[in-house]
Amino acid sequence: MSRARGDRGTAKAAPAKAAPAKAASAKAAGRARGASDWLSSVVAKVPARIMEPRLTLILATTALVVFGLVMVYSASSVKGIINGESPSSYLVKQLFGTVLGLVACVVCAKVDYHTWGRRWLPYLWALAVLLMVVVHLHGTDSHGATRWIYLGPLSFQPSEFAKIVVVVTAAAVVADYVVGRRPATPMAFLGEAAWKVGLPVGLVLFQPDKGTTLVLGAVIFCLCLMAGLPRRPLLVFAAAAVAAYLVLSLKDDYSRSRFLIFLNPDSDPTGAGYQVIQSFRAFGSGGLFGTGIGIGAMKYSYLPEAHNDFILAVIGEECGLVGMVLVVALFALILWSGFRIARNAPDFFGSLLAAGSSMLIVFTFLLNLSGVIGAFPLSGKAVPFLSYGGTSMMASLIVVGTILSVSVHSRLPETVHDRRRRSFGVVRDGAAAPAPTVEGSTAGAPTARSLRLVHDSGPRGDAPRGGSGAGGGPGTGGRSGDRGGREASGGDGSHPEARRTRDSSGRERIELGRSATERLRPERGPEVRERRGPSSRNTGRR
C-alpha cells in the first residue's frame with residue numbers, strides 16, 4: 001500500500017519537475033527566435049551586393065582567429081613548459097591581444113572611415129612618425145633589428161600600426177589627385193606623396209624592417225595601378241625601388257646571409273639555413289592530412305620560433321596539405337571580399353582604402369608563406385591572425401575594421417530590387433501582415449501558405465465556404481462537388497475542400513479532402529474496350 005502511494009507521489013512530482021525545464025526551453029527558444037529575427041532584419045535592410053562580401057569577410061576572419069588561437073596553443077605549449085611557465089601562458093597573452101583587437105575592430109567599423117581617414121589622419125600620421133622616431137632612439141634590438149618598445153611588462157611594435165597609417169595616407173593622396181581636388185600638377189603630387197608616404201616608409205626601412213617595407217611598396221604600387229596613374233612612370237619608379245631594396249639587403253651581413261640561404265639552404269645547415277631546413281622537414285612529415293593538431297614533433301625545440309614566424313610550418317606538419325589549402329582559401333576569401341567591398345564603396349577614397357587594406361593582409365601572409373617554403377628570403381614577419389603576437393593580432397583586426405567601415409557606410413543608389421528586398425519580413429501567427437512598401441507592387445501582403453488554402457474560411461474547425469453546398473461536400477466524391485466548391489469559393493484561388501482540424505495532440509492540420517488523382521478521375525469510371533472477334537488484329541478498335 002505504501003509503495004503504491006509512493007508511486008503516485010512520484011508521478012505527481014514528475015510534472016512539477018518537468019514544468020521548469022519546459023519553461024527554460026521555451027525561454028531559450030524565444031531568445032533564439034529573437035536573435036534570428038534581429039539578424040534577419042539587419043540582413044534584409046542591406047542590399048545583397050553589400051552584405052554578401054561583408055559577411056564573407058567576417059566569417060573568414062573569425063575562422064582564422066579561432067584557428068590561430070588553437071595553433072598558437074599547440075605550437076607554444078612546449079616552449080611554455082621549457083621556460084617554467086604554464087603550457088597555456090602564450091595562449092592567455094594571445095587572448096588578451098585578441099580581445100583588444102576585437103574592440104578596436106568594432107570601433108573602426110562603427111566610426112565612419114571619412115572621420116578617421118580624413119579628419120583624424122594628420123594626428124594619426126604624426127603619432128605614427130613620432131613612435132617610429134622613439135623606436136630608433138629608445139627601441140630594443142632583437143635579431144639584428146630595432147623594432148620594439150617596452151613599457152614595463154608590455155611591449156609593442158610601432159611598425160605594425162604605422163603600416164596602417166601609410167596605407168590610409170596613400171589612399172587619400174592618390175584619391176585626391178585622381179579626383180582632382182589636390183594637388184593640381186604631377187610634380188606637386190610626387191612632392192606630397194614623398195613626405196606623407198615616403199617619410200614613414202623610410203623610417204620603417206631603417207629599423208631595419210625590410211619585410212614591412214616590401215609589403216607597403218607592393219600595396220602602394222597596386223593602388224597606383226588601380227587608380228589609373230600612368231604605367232610607364234610607375235614601372236620605372238618600381239624598378240628603381242627594387243634595385244635600391246636589393247642594395248640595402250646585400251649591404252649588411254644579416255640580410256645578406258638570408259639572401260644567400262634563400263639561394264642554397266644547405267650551404268649552412270646548422271647555422272643560417274637551419275630554420276629553413278627544419279621547415280622543409282615539417283611540411284614533408286605532414287603529408288596530406290597531417291599528424292594531428294598537437295601531435296607535431298618540430299615544436300619540441302627542433303624548429304625555432306615555431307609559434308611565431310614559422311607557425312605555417314607547424315600547421316603544415318599537424319594539418320597537412322589539406323589544412324594549408326584551407327588557410328590559403330580563407331585568405332583568398334578576405335582578398336575577394338575586400339575587393340568586392342571596394343567595388344561597391346561610395347567614393348574613390350573608400351575603394352582604394354578597402355582594396356589597400358585587404359592587400360595589406362594578404363601580401364603579409366604571402367611574404368611569410370614564401371619564406372617558410374623557400375620561395376623567397378625569410379622576412380621575419382608574423383602571419384596575420386595565426387602567429388603569436390598581440391601587436392600583430394591587434395593590427396590585423398584593425399585592418400579588418402577598416403574594410404568593414406567602408407562596407408558599413410556604403411550608401412549606393414537604391415534600386416527597385418533593394419526596396420522590394422527591404423520590404424520582406426517574417427509574419428508570425430496572429431500578427432497583422434504589413435502593407436506593401438514598394439510603390440506599384442503587385443505582390444500584396446505576405447500570407448503564410450497554410451493560410452492561403454483556407455482563405456475566407458470560417459472559424460477553426462468549421463467547413464470552408466462552399467464545402468457543404470449542394471453536391472459540394474468533401475465526402476461526396478463527385479466531380480460536381482468540385483465545381484460547386486469552386487463556384488462557391490468565388491474563384492479566388494482558395495481550395496474548395498480545405499478545412500481545419502486538430503489531432504489528438506492538439507496540433508492544427510489542414511485537410512485538403514480528396515487527392516489530386518481522385519479529383520481528376522471521371523465519375524463514370526474507366527472505360528473498358530471490347531474486342532469484336534478473335535480474328536481481329538486491331539484489338540479495341542470500334
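See the structure above.
1. Comments concerning the overall build of the protein
Scanning the protein from terminus to terminus reveals 18 helices and five strands. Taking all contacts inside the protein whose residues are at least 6 apart in sequence as the whole, residues at least 24 apart take part in 69%. Total accessible area computed for the protein in this model is approximately 30,200 Å², and 62% of it derives from carbon and sulfur atoms.

2. Remarks on the packing of aromatic side chains
Within the structure shown, the criterion is met by seven aromatic pairs. Ring centres of tyrosine 90 and tyrosine 388 lie 5.1 Å apart, and the angle between their planes is 75 degrees; on these two criteria the pair is classed as edge-to-face. With tyrosine 90 in helix H3 (residues 89-110) and tyrosine 388 in the loop between helix H13 (348-372) and helix H14 (390-408), this residue pair connects regions lying 298 residues apart in the sequence. Like tyrosine 388, tyrosine 90 is buried. Geometrically, the ring pair formed by tryptophan 125 and tryptophan 195 is edge-to-face, given 5.6 Å between the ring centres and 85 degrees between the ring planes.

3. Some remarks on the environment of valine 201
Within the secondary structure, valine 201 is located in helix H7 (residues 186-205). The spatial distance from the C-alpha of valine 201 to the C-alpha of glycine 217 is 8.5 Å, given a sequence separation of 16 residues. With residues near it in sequence (within four places) discarded, valine 201 still touches Val166, Thr213 and Leu216.

4. Observations concerning the environment of valine 135
Relative to the elements of secondary structure, valine 135 occurs in helix H5 (residues 121-138). Residues valine 135 and arginine 147 lie 12 residues apart in sequence; the distance between their C-alpha atoms is 6.3 Å.

5. Brief notes about the side chain of serine 392
Within the secondary structure layout, serine 392 lies in helix H14. Its relative accessible area of 8% is what places serine 392 among the buried residues. Residue contacts for serine 392: discarding those within four places in its chain leaves Glu160, Ala382 and Val383.

6. What to know about unusual backbone geometry
A positive phi angle, near 65 degrees, is found at serine 301, a position not held by glycine. By the element assignment, serine 301 lies in the loop between helix H11 (274-286) and helix H12 (311-343). A positive phi is found at phenylalanine 385, a non-glycine position, where the angle reads about 75 degrees. Residue classification places phenylalanine 385 among the buried residues on the basis of a relative accessible area of 1%.

7. Some remarks on the pattern of salt bridges
Counted by the stated rule, this structure contains six salt bridges. Linking glutamate 160 and lysine 163 is a salt bridge whose minimum nitrogen-to-oxygen distance equals 2.9 Å. Placement of the pair is glutamate 160 and lysine 163 together in helix H6 (residues 158-179), with a separation of three residues, close to one helical turn. Residue classification places lysine 163 among the buried positions, given a relative accessible area of 9%. The salt bridge partner of aspartate 209 is lysine 381, with a shortest N-O separation of 3.5 Å. One end of the pair, aspartate 209, is in the loop between H7 and helix H8 (210-227); the other, lysine 381, is in the loop between H13 and H14, with 172 residues separating them in the sequence.

8. Observations concerning the packing of helix H2 (residues 48-82) against H3
Where H2 contacts H3, the two axes come as close as 7 Å, and the packing angle between them is 150 degrees. Here H2 lies roughly antiparallel to H3, going by the angle between them. Residues Val65, Leu69, Val72, Tyr73, Ser76, Lys79 and Gly80 of H2 pack against Ser89, Tyr90, Leu91, Gln94, Leu95 and Thr98 of H3. Across the contact of H2 with H3, the residue classes tally to seven nonpolar, five polar and one charged.

9. A few points about helix H9 (residues 231-249)
Here H9 spans 26 Å end to end across 19 residues, near enough to the 27 Å set by a 1.5 Å rise per residue. Listed in full, the buried residues belonging to H9 are Leu234, Tyr245 and Ser249. The buried residues of H9 occupy one face: seen down the axis, they fall within an arc of 40 degrees. Every exposed residue of H9 that faces more than 90 degrees away from the buried side is listed here: Arg232, Pro233, Val236 and Val247.

10. So, a nonpolar patch on the surface
Together, Leu288, Phe289, Leu321, Val322, Val325 and Leu326 line one region of the surface with nonpolar side chains, adding up to about 590 Å² of accessible area. With respect to the helices and strands, leucine 326 occurs in helix H12.

11. A closer look at the packing of H5 against H6
It is at 9 Å that the axes of H5 and H6 come closest, and there the two elements cross at 145 degrees. Seen from above, H5 lies across H6 with left-handed handedness. Residues Leu121, Leu124, Trp125, Ala128, Leu131, Met132 and Val135 of H5 form the contact with H6, whose participating residues are Pro158, Ser159, Ala162, Val165, Val168, Thr169 and Ala172. A breakdown of the residues in the contact of H5 with H6 according to their chemical character gives 12 nonpolar, two polar and no charged.

12. What to know about the nonpolar core
Ile311, Leu312, Ile315, Phe331, Phe349, Phe385 and Leu386 are the most contacted members of the largest nonpolar core, which has 86 residues in total. In contact with phenylalanine 349, not counting residues within four places along its chain, are Tyr113, His114, Gly117, Arg118, Val168, Ala171, Ala172 and Ala175.

13. Some words on H14
An α-helical turn contains 3.6 residues, so a residue and the one three or four places further along point in the same direction. Given a rise of 1.5 Å per residue, 19 residues ought to cover 27 Å, and the 26 Å separating the end C-alpha atoms of H14 matches this to within 8%. Counting buried positions over the 19 residues of H14 gives 17, a clear majority of the element.

Calculation criteria
- Residues numbered from 1 in each chain as written.
- Predicted model: local features only at pLDDT ≥ 70, side-chain atom pairs only at ≥ 80, totals over all residues.
- Heavy atoms only, no water.
- Helix = DSSP H or I, 4+ residues; strand = E, 2+ residues; numbered from the N terminus.
- Contact = heavy atoms within 4.5 Å.
- Areas by Shrake-Rupley, 256 points an atom, 1.4 Å probe, with all protein chains shown as cover.
- Phe/Tyr/Trp six-rings, centres within 6.5 Å; stacked < 30°, edge-to-face > 60°.
- Buried < 20%, exposed > 50% of the residue type's maximum accessible area, 1.4 Å probe, protein only.
- Salt bridge = Lys/Arg side-chain N within 4 Å of Asp/Glu carboxyl O.
- Axes fitted to C-alpha atoms, helices over the stretch in contact; angles between N-to-C directions.
- Parallel < 35°, antiparallel > 145°, perpendicular 65-115°, else oblique.
- Nonpolar A, V, L, I, M, F, W, Y, C, P; charged D, E, K, R; others polar.
- Expected span 1.5 Å × (residues − 1).
- Arc of directions from axis to C-beta.
- Patch = residues over 30% accessible without salt bridge, like charges linked within 9 Å, V, L, I, M, F, W, Y side chains within 5 Å.
- Left-handed = near helix turned anticlockwise from the far one by under 90°.
- Core = buried A, V, L, I, M, F, W, Y, C linked by side-chain atoms within 4.5 Å.

Purely geometric numbers; function is a separate question.
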